[in-house]
Amino acid sequence: ATPWRLREAVAGTSTPIVQRFGTNEIGSDLGDAVGKVLDLAAILALIGAAVWWWARDRAIQRGRFDLGDPDLARDLVFTVVLLFVVTSRVLSPQFMIWLVGLSAVVLCSMRTRLVRPAVMVVTAVVLSAGLRGGGVNLVFLVFRNLVLLAALCDAAWTMASVVRAR
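Residues numbered from 1 in each chain as written. Predicted model: local features only at pLDDT ≥ 70, side-chain atom pairs only at ≥ 80, totals over all residues. Heavy atoms only, no water.

Student: I would appreciate a short explanation of the overall build of the protein chain in the present structure.
Tutor: A count of helical and extended segments in the protein chain gives 6 helices and 2 strands. Going residue by residue from the N terminus, the α and β elements of the protein chain occur as α-β-β-α-α-α-α-α. Expressed as lengths along the three principal axes of its C-alpha atoms, the size of the protein chain is roughly 60 × 30 × 25 Å. Within the protein chain, buried positions represent 37% of all 166 residues. Once local pairs closer than 6 in sequence are excluded, the contacts in the protein chain between residues at least 24 apart make up 62%. Total accessible area computed for the protein chain in this model is approximately 9600 Å², and 69% of it derives from carbon and sulfur atoms. Considering the protein chain, the positive charge centre built from 17 side chains and the negative charge centre built from 11 side chains are found 4 Å apart. (Helix = DSSP H or I, 4+ residues; strand = E, 2+ residues; numbered from the N terminus. Buried < 20%, exposed > 50% of the residue type's maximum accessible area, 1.4 Å probe, protein only. Contact = heavy atoms within 4.5 Å. Areas by Shrake-Rupley, 256 points an atom, 1.4 Å probe, with all protein chains shown as cover. Lys, Arg positive; Asp, Glu negative; His and termini not counted. Charge placed at Lys NZ, Arg CZ, Asp CG, Glu CD.)

Next up, the structure:
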């Protein structure tokens with residue numbers, strides 16, 4: 001909803017809101033199209049995670065025993081959950097709680113590859129605290145969403161690089 005919220009703030013136009021699936025959604029054809037794209041992105045993310053796991057397994061069979069490390073599996077779970085949160089139609093506050101919990105697990109590991117994305121997620125959670133409408137909060141909302149997107153890109157790139165390395 002970020003582009004619609006920005007348009008409201010800049011142009012002063014209101015966004016049609018409808019209640020669906022127990023939450024507020026943008027009530028427009030474009031909003032519905034964005035929702036379908038996000039659903040497709042979530043499916044592609046799941047397929048991407050399965051392909052990554054398959055490539056990892058093949059690499060282990062070829063002698064890359066370092067990829068059998070349980071810390072790597074934890075990093076993948078963090079990345080997949082982050083993928084699903086970012087591609088979700090709804091960015092609920094409870095999702096941010098899940099992400100901060102997973103970030104804590106990642107940051108407590110001495111062998112994580114995802115320190116930077118986990119710190120970005122914690123930053124996004126801090127930015128989410130107390131968001132409720134208003135101009136200043138819109139800045140925090142936009143920044144939070146950009147930070148989550150950057151964390152996702154960083155984590156996904158890192159995880160893809162791990163399997164390709166060597």
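Student: Looking at this structure, how should I read helix α3 (residues 70-86)?
Tutor: Count 3.6 residues to each turn of an α-helix, and residues three or four apart come out pointing the same way. With 17 residues, α3 ought to run about 24 Å at 1.5 Å a step, and its terminal C-alpha atoms sit 25 Å apart, in line with that. Among all positions in α3, only Asp71, Leu72, Arg74, Asp75, Leu76, Phe78, Thr79, Val80, Leu82, Leu83 and Val85 are buried. Where α3 begins, the side chain of aspartate 69 points an oxygen toward the backbone nitrogen of aspartate 71, at a separation of 3.1 Å. (Expected span 1.5 Å × (residues − 1). Polar contact = N/O pair within 3.5 Å; in protein donor to acceptor, adjacent residues only side chain to side chain.)

Student: I keep staring at the nonpolar core and nothing clicks. Help me out?
Tutor: Most often, soluble globular proteins keep nonpolar side chains buried together rather than apart. The biggest cluster of nonpolar side chains holds 32 residues, and the ones touching the most others in it are Phe78, Leu82, Leu99, Val121 and Leu148. Ranked by residues supplied to this core, first place goes to helix α6 (residues 135-164) with 8 residues. Not counting residues up to four positions away in its chain, the partners in contact with leucine 99 are Phe78, Val81, Leu82, Val85, Val121 and Leu148. (Core = buried A, V, L, I, M, F, W, Y, C linked by side-chain atoms within 4.5 Å.)

Student: Help me understand the pairing of strand β1 (residues 17-20), please; the structure alone is not making it clear to me.
Tutor: A regular strand places its side chains so that they alternate between the two faces of the sheet. Pairing analysis gives 4 bridges linking β1 to strand β2 (residues 23-26), with the strands arranged antiparallel. From the neighbouring strand, isoleucine 17 faces β2, where its bridge partner is isoleucine 26. Here β1 hands over to β2 after 2 residues, with phenylalanine 21 in that stretch at a positive phi of 55°. (Pairing = 2+ DSSP bridges.)

Student: Help me out: how do you make sense of the packing of aromatic side chains in this one?
Tutor: Here the distance between the centres and the angle between the planes together describe a pair of aromatic rings. Counted according to the given criterion, the structure contains 2 aromatic pairs. Plain terms: the ring middles of tryptophan 52 and tryptophan 53 are 6.0 Å apart, the flat faces sit at 45° to each other, and that makes the pair tilted. A relative accessible area of 9% means that tryptophan 52 is categorised as buried. Note on tryptophan 53: relative accessible area 37%, which makes it partly exposed. Pairing phenylalanine 95 with tryptophan 98 gives two aromatic rings, centres 5.0 Å apart and planes at 35°, and the pair type is tilted. Within this pair, phenylalanine 95 and its partner tryptophan 98 are both found in helix α4 (residues 93-107), separated by 3 residues, close to a single helical turn. The ring of tryptophan 53 has arginine 56 sitting right over it, with the charged end atom 4.1 Å from the ring centre. When the ring centre of tryptophan 157 is taken as origin, the NZ or CZ atom of arginine 164, which lies over that ring, is 5.1 Å away. (Phe/Tyr/Trp six-rings, centres within 6.5 Å; stacked < 30°, edge-to-face > 60°. Lys NZ or Arg CZ within 6 Å of the ring centre and 35° of its normal.)

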